[in-house]
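Commentary on secondary and tertiary structure
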Amino acid sequence: MEKSIKNTSICGKIWAFLQILMLVCVFVILMCFSDFGMVASASAKKVPPLTSAEGMATIEASTGRLLYAKDENKRLPMASTTKIITAIVAIESGKDLDQKHEIPKEAVGIEGSSIYLKKGEHLTLRELLYGLMLRSGNDSAVAIAIIVSGSVENFINKMNSFCLNLGLQNTHLVTVNGLHDDNHYTTALELAKVTAYAMKNQTFKTIVSSKEKVIDNELDKKYKIRLLKNKNKLLKNMSDADGVKTGYTKKAGRCFVGSATRGNMQVICVVLNCVPMFEESANLIEKAFYEYKLVKLLDKGEVTKYSGENKKAVGLPLAIKEDVYYPLKLDELSKVKGNVVYDQKPLVSSENLQSVATFKIELENNLIFSEKLYTIFIEEETNFEDILKKIIEKF
């Protein structure tokens with residue numbers, strides 16, 4: 001009996017120990033899960049960076065709306081993306097793009113990326129522009145500058161004037177090809193803006209969207225043509241990509257300006273000093289297409305009717321010149337507001353098309369669009385459709 005009692009006591013102690021051990025294990029497990037939960041929660045709150053670039057700007061091209069940004073106003077070197085400006089200045093110079101020119105000796109043997117121009121050969125400006133934008137030919141840039149302006153220095157002055165006329169206050173150019181100079185810089189946002197401007201030019205757009213191009217190579221005894229393949233990998237990896245330009249120097253890092261058009265919306269992405277420049281640009285462009293839609297806010301033609309101080313004009317249609325589009329997220333649609341602001345001056349003519357008011361559109365109290373409204377001062381009764389037709393025809 002005593003032995004049985006002792007055995008029972010021992011069993012009880014073992015069972016108690018096991019219970020304590022189980023409680024400890026449960027406590028440890030709970031602590032681990034609790035810590036994991038806190039870590040997971042903290043991790044969930046961290047928003048991954050949009051880009052590893054030193055400077056980035058992603059815009060919608062037609063409106064210039066800044067969709068995503070990182071140090072977009074920081075002055076940075078941009079390497080061969082400089083050639084976007086070189087190309088559009090040359091295209092708009094008025095020079096015949098298809099006239100043959102002898103390659104100047106100053107353009108032969110330029111360091112860095114090259115299409116290996118030879119002294120005495122003849123190419124057109126259009127061919128040089130393909131060499132500039134597809135193969136990033138530093139020699140092409142020098143040849144273009146001399147052909148268009150007589151010297152590299154004169155062409156650089158033209159480029160800087162072009163930038164100032166576009167309102168680019170943080171861009172200064174020292175070279176035509178982007179070879180490094182401490183005084184040669186831009187910002188991600190200004191480079192995006194100048195690219196949006198350039199992409200409106202069909203010649204520029206055709207060149208930068210080309211995957212390859214054949215141009216002359218007249219002095220080469222073995223190969224009479226140059227096959228230029230575009231360095232822009234986005235053109236191969238994204239079906240609706242349509243540009244624009246790569247760039248690299250040791251000090252600038254890898255730089256890229258990408259563009260894609262989907263439906264009626266074009267997105268331009270600039271990354272400066274970004275190692276995975278193609279991958280991150282593609283992700284930003286896809287993100288923009290997913291999160292934003294180009295929404296028509298106003299139709300060309302009548303917007304409202306005059307209700308200002310001139311009693312004779314009350315009821316006349318007020319019209320806008322063009323359709324108005326703006327990139328918006330779904331949750332921004334309800335936050336857009338329109339307002340007509342009438343001019344202080346009264347209508348003075350009874351015949352001519354006149355600006356009498358301004359239509360303003362705001363998004364969360366920020367002005368996103370402003371355009372003049374026009375009407376025709378007519379005293380006698382006229383069919384409304386005839387009035388509207390007359391207004392649109394005058395535009």
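This report concerns the structure included in the present document. (Residues numbered from 1 in each chain as written. Predicted model: local features only at pLDDT ≥ 70, side-chain atom pairs only at ≥ 80, totals over all residues. Heavy atoms only, no water.)

**Some points on the overall build of the chain**
If you tally the helices and strands in the chain, you get 10 helices and 16 strands. Out of the 395 residues belonging to the chain, those deemed buried represent 45%. Considering only contacts within the chain whose residues lie at least 6 apart along the sequence, 60% involve residues at least 24 apart. Total accessible area on the chain stands at roughly 21500 Å², and carbon and sulfur atoms take up 53% of it. (Helix = DSSP H or I, 4+ residues; strand = E, 2+ residues; numbered from the N terminus. Buried < 20%, exposed > 50% of the residue type's maximum accessible area, 1.4 Å probe, protein only. Contact = heavy atoms within 4.5 Å. Areas by Shrake-Rupley, 256 points an atom, 1.4 Å probe, with all protein chains shown as cover.)

**Let's talk about helix H2 (residues 83-91)**
With 9 of 9 residues buried, H2 lies mostly within the body of the structure. All buried positions along H2 are accounted for by Lys 83, Ile 84, Ile 85, Thr 86, Ala 87, Ile 88, Val 89, Ala 90 and Ile 91.

**Overview of the environment of Phe 369**
As for its position among the elements, Phe 369 is in strand E16 (residues 366-376). Considering only alpha carbons, one finds Phe 369 and Thr 63, 306 residues apart in sequence, at a separation of 9.1 Å. Residues contacting Phe 369, with those up to four places away along its chain left out, are Leu 298, Ile 320, Val 324, Phe 359, Lys 360 and Ile 361.

**Some points on the nonpolar core**
Ranked by internal contacts, the top residues of the largest apolar core, which has 63 residues, are Leu 128, Leu 129, Met 133, Ile 144, Phe 155 and Phe 204. Sort the elements by how many residues they give to this core and helix H4 (residues 138-149) lands first, with 8 residues. Ignoring any residue separated from it by four or fewer positions in sequence, one finds Phe 155 in contact with Thr 86, Val 89, Ala 90, Ile 144, Ala 145, Val 148, Ser 149 and Val 176. Tyr 68, Met 277, Ala 282 and Ile 285 belong to the second-largest nonpolar core, a separate cluster that totals 24 residues. (Core = buried A, V, L, I, M, F, W, Y, C linked by side-chain atoms within 4.5 Å.)

**Some words on the pattern of salt bridges**
What the rule picks out here adds up to 14 salt bridges. Residues Lys 335 and Glu 364 are paired through a salt bridge, measuring 3.3 Å at the closest nitrogen-oxygen approach. Of this pair, Lys 335 sits in the loop between strand E13 (324-328) and strand E14 (336-342) while Glu 364 sits in the loop between strand E15 (353-363) and E16, placing them 29 residues apart in sequence. Residue Lys 335 is classed as partly exposed on the basis of its relative accessible area of 32%. Three or more residues joined by partner-sharing salt bridges are found here, namely Lys 100, Glu 127 and Asp 216. (Salt bridge = Lys/Arg side-chain N within 4 Å of Asp/Glu carboxyl O.)

**Quick notes on the sheet that holds strand E1 (residues 55-60)**
Strand order in the open sheet made by the 5 strands is E2-E1-E9-E8-E7, with antiparallel pairing throughout. Whereas interior strands pair on both sides, the edge strands pair on one side only; in this sheet they are strand E2 (66-70) and strand E7 (241-249). Across the sheet, the mean angle from the axis of one strand to that of its neighbour is 5 degrees, orientation sign disregarded. Bridge count between strand E8 (residues 253-262) and strand E9 (residues 265-272): 7 bridges; the pairing is antiparallel. Paired with Gly 258 across the strands is Cys 269, a residue of E9. Strands E1, E2, E7, E8 and E9 of the sheet are contacted by helix H6 (residues 188-198), whose axis makes an angle of about 35 degrees with E1. (Pairing = 2+ DSSP bridges. Axes fitted to C-alpha atoms, helices over the stretch in contact; angles between N-to-C directions.)

**Structural notes on unusual backbone geometry**
Residues Gly 243 and Val 244 are joined by a peptide bond in cis, for which omega reads 15 degrees. Tracing the sequence through the fold places Val 244 in strand E7. With a phi close to 60 degrees, Tyr 116 is a non-glycine residue in the positive phi region. With respect to the secondary-structure elements, Tyr 116 resides in the loop between strand E3 (100-102) and strand E4 (122-124). Under the relative-accessibility criterion, Tyr 116 is labelled exposed at 63%. One non-glycine residue, Asn 273, adopts positive backbone phi at about 55 degrees. Position of Asn 273 among the secondary structure elements: in the loop between E9 and helix H9 (277-291). Residue class for Asn 273 comes out partly exposed when judged on its relative accessible area of 31%.

**Re the packing of H2 against helix H3 (residues 125-134)**
Where H2 contacts H3, the two axes come as close as 10 Å, and the packing angle between them is 165 degrees. Here H3 runs roughly antiparallel to H2, going by the angle between their axes. In this structure, the crossing between H2 and H3 has a hand that is left-handed. In this structure, H2 uses Lys 83, Ile 84, Thr 86, Ala 87, Ala 90 and Ile 91 to contact H3, whose residues at the interface are Leu 129, Leu 132 and Met 133. By residue class, the composition of the contact of H2 with H3 is 7 nonpolar, 1 polar and 1 charged. (Parallel < 35°, antiparallel > 145°, perpendicular 65-115°, else oblique. Left-handed = near helix turned anticlockwise from the far one by under 90°. Nonpolar A, V, L, I, M, F, W, Y, C, P; charged D, E, K, R; others polar.)

**A closer look at the packing of aromatic side chains**
Overall, the coordinates contain 3 aromatic pairs when judged by the stated rule. Seen in terms of ring centroids, Tyr 68 and Tyr 292 are 6.1 Å apart; in terms of plane orientation they differ by 75 degrees. Their pairing is edge-to-face. Residue Tyr 68 is found in strand E2, and its partner Tyr 292 is found in the loop between H9 and strand E10 (293-298); the two are separated by 224 residues along the sequence. Since its relative accessible area comes to 4%, Tyr 292 is described here as buried. (Phe/Tyr/Trp six-rings, centres within 6.5 Å; stacked < 30°, edge-to-face > 60°.)

**Digging into H4**
Taking 1.5 Å per residue, 12 residues should reach 16 Å; H4 reaches 17 Å between its end C-alpha atoms and fits that length. Taken across its 12 residues, H4 has 12 buried, putting it largely inside the fold. (Expected span 1.5 Å × (residues − 1).)

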